[in-house]
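Commentary on secondary and tertiary structure
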Amino acid sequence: MSCLKGLLTSCLVLASVMSWAKAVPISLDKTKVKLPEETAKEPPQSVDTGLHYDRYLREVIDFLEKDQHFREKLHNTDMEDIKQGKLAKELDFVSHHVRTKLDELKRQEVSRLRTLIKAKQDIEGGNDIAVDHQALLKQFEYLNHMNPHTFEVEDLDRLIKSATNDLENYDKERHEEFKRYEMMKEHERREHLKTLDEEDRRKEEEHYEEMKKKHADHPKVNHPGSKNQLKEVWEEADGLDPEDFDPKTFFNLHDSNGDGFFDEQELEALFTKELEKIYDPTNEEDDMVEMEEERLRMREHVMNEVDTNKDRLVSLDEFLVATKKKEFLEPDSWETLEQNQAYTDEEMREFEEHLVRQEEDLNQKASDLQKQREDLERQQEQLNAQKIELQQAVEHMERLKTQNVPSPPETHFEGNAVPESLGHDQPPEHQHLPPGHQQQQHHDVPPNQQDLGQEHKNIPQENQPLPPGHNSPPQDSPKMPLDHNNVP
């Protein structure tokens, strides 16, 4: 199982350098390495590998480890056989319980991926678009999406190859990321110099050269993995007599989890003493990001020299064989980062040109966004003006309705019907007239005329019949005062 363990351990190392990959200086506690006995007392921690299928990978490996047949087949399997798919074929012989659990894990993973696809579609605003999950699942190469229900040989083969490739690509990307970090740091220094006058620029250059010299002035760094380097750990970290140095005892002391292998993290812990010779977090001239890169360079070097089966682990046998080689006893000197610039002058020139293009693109995008903002503001102003005009029109219509209130409708009565409210006590002009007689409209009469009409009872009423030859005065004619001397 050492090969799969090495694969998972490599994934764990990925998480240990995630903060470095973001080019963020590490905190002081990350420069300290606990003694093996201290680490052994701590409960095991679940470290995220950084792979998006981290949980799926871990659970598959954990269940495969529980199958006795699979463990036996893995005992002498090297990483090359695993990469070629020979290991995956042994899946057909694992127990039914393990296969059932692996089927369940795959179904859960496929469901998780479909949920992620749906969530991404919702964020992008494509709720009404049908989703072709089968087509989208093709991008996840670590499982066979055509069979989402059962975990087969192809699934294990895909998972191992994907994890291996992702880790190898990560190592390459890590170096590229560090190179970009170093070039950006130099670019910012040059840009800062442009803002200074001649005198300040001269002082800044002198200070920069002084810091470089101080950083390079450190004790000799032992070759990683050499006898001198390990004896120094034996003496200073373990507190043992260098004359009593024994490779097997040293291995057992620093195999923190006691599994019979040095994983990548355990190896990196061995280089702390060497790194402390070069880097001090309290010194201005020492960059802790560079320290982590130096640590990883040392680990990669030892792995390349000692890990003969390329399973990303160093077994006790591999370690003991390496201690008998000339490189262990008489190693070459180790060149640190300051002796090996991470980039060439040509790469620096291309990097700065790329930054210029990026800045131009960003400025253009900013200009386009500003224009869009101004257009939106103008459109908003037009909408606000239209809204005000509409409100004024509505208010004007309301005022017109208020000023032109129509008169109440006249009351019409059918035939000769008279409302009861009028009764028989109403004045004569409101009573029913004989046919052929029209009621004369009542006009305001001065009080003296009203009295006059009351005093002369013998005067014909205006609504009584007139003698022949006399016509009734028009209704709308104004009433004239009566001459009492000419009354017949």
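Structure: see above.
First, a word on scope: everything that follows refers to the structure included in this document. What you see is a predicted model; the values in this text were computed from it and never measured. (Residues numbered from 1 in each chain as written. Predicted model: local features only at pLDDT ≥ 70, side-chain atom pairs only at ≥ 80, totals over all residues. Heavy atoms only, no water.)

1. Details of the overall build of the protein
As a reminder, the rule being used: Helix and strand labels come from DSSP, where a helix needs a run of H or I of at least four residues and a strand needs a run of E of at least two; each type is numbered from the N terminus. Note on exposure labels: buried denotes an accessible area under 20% of the residue type's maximum, exposed denotes more than 50%, and partly exposed covers the range between, all computed with a 1.4 Å probe on protein chains only. Throughout, the Shrake-Rupley method with a 1.4 Å probe supplies accessible areas, and for residues the shown protein chains are the sole cover considered.
Secondary structure assignment for the protein yields 19 helices and two strands. Per-residue burial for the protein yields a buried fraction of 32% across its 488 residues. Of the roughly 32500 Å² of accessible surface on the protein, 50% is carried by carbon and sulfur atoms.

2. Comments concerning the packing of aromatic side chains
As a reminder, the rule being used: Side-chain rings of Phe, Tyr and Trp (the six-membered ring for Trp) are treated as a pair once their centres are within 6.5 Å; stacked means planes under 30 degrees apart, edge-to-face means over 60, and tilted covers the remaining angles.
Using the criterion set out here, one finds ten aromatic pairs in the structure. On the basis of an interplanar angle of 75° and a centroid distance of 5.7 Å, the ring pair of Phe-262 and Phe-319 is categorised as edge-to-face. Note that Phe-262 is positioned in strand 1 (residues 261-262) and Phe-319 in helix 16 (residues 316-322), a separation of 57 residues in sequence. Comparing Phe-262 with Phe-319 shows no difference in burial state: the two are buried.

3. Some words on the nonpolar core
So the rule is basically this: The criterion is simple. A nonpolar core is a set of buried Ala, Val, Leu, Ile, Met, Phe, Trp, Tyr and Cys residues joined through side-chain atoms within 4.5 Å. A contact between two residues is defined here by any heavy atoms of the two lying within 4.5 Å.
Membership of the largest hydrophobic core comes to 30 residues, with the highest contact counts inside it found for Tyr-53, Tyr-56, Val-60, Leu-102, Tyr-142 and Leu-156. Leave out the neighbours within four places in its chain, and Leu-156 touches Val-60, Leu-64, Phe-70, Ala-88, Leu-91 and Phe-151.

4. Quick look at the pattern of salt bridges
Selection rule: Salt bridges are defined by distance alone: a side-chain nitrogen of Lys or Arg within 4 Å of a carboxyl oxygen of Asp or Glu.
Taken as a whole and judged by the stated rule, the model has 37 salt bridges. Put simply, Glu-154 and Arg-158 hold a salt bridge, and the shortest N to O gap is 2.9 Å. With Glu-154 and Arg-158 both in helix 9 (residues 153-194), this residue pair falls four residues apart, about one helical turn. On the accessibility criterion, Glu-154 (38% relative accessible area) is partly exposed. With a closest N to O distance of 2.9 Å, Asp-287 and Lys-185 form a salt bridge. In this pair, Asp-287 sits in the loop between helix 14 (272-278) and helix 15 (288-306) while Lys-185 sits in helix 9, placing the two residues 102 residues apart along the sequence. Via salt bridges that share partners, Glu-186, Arg-189, Arg-190, Glu-205 and Glu-352 belong to a single interconnected network.

5. Describing helix 12 (residues 247-254)
The criterion, for reference: An arc is given here, and it is the one of the directions from the helix axis to the C-beta atoms.
Along helix 12, the residues classified as buried are Pro-247, Phe-250, Phe-251 and His-254. Down the axis, helix 12 shows its buried residues gathered within 100° of arc, on one side only.

6. Concerning a negative patch on the surface
Counted only if it meets this: Residues form patches when they are more than 30% accessible in relative terms and have no salt bridge. Like charges link within 9 Å. Nonpolar side chains (Val, Leu, Ile, Met, Phe, Trp, Tyr) link within 5 Å. Charge assignment: positive for Lys and Arg, negative for Asp and Glu; neither His nor the chain ends contribute. Every charge is mapped to an atom, namely NZ of Lys, CZ of Arg, CG of Asp or CD of Glu.
A surface patch of negative charge is lined by Glu-235, Glu-236, Asp-241, Glu-243, Asp-244 and Glu-276. When you line up the elements, Asp-241 lands in the loop between helix 11 (227-236) and helix 12. Residue Asp-241 is classed as partly exposed on the basis of its relative accessible area, which comes to 40%.

7. As for the side chain of Lys-106
Stated formally: N or O atoms within 3.5 Å of each other form a polar contact, as long as, within protein, one can give a hydrogen and the other can take it, and as long as residues adjacent in sequence are counted only when both atoms are side-chain atoms.
Residue placement: Lys-106 occurs in helix 7 (residues 96-123). Judged by its relative accessible area of 0%, Lys-106 is buried. Within the local environment of Lys-106, its side chain forms a polar contact with the backbone oxygen of Asn-144, the two atoms lying 3.1 Å apart. Ignoring sequence-local partners within four residues, the contact set of Lys-106 consists of Tyr-56, Asn-144, Asn-147, Pro-148, Thr-150, Phe-151 and Asp-155.

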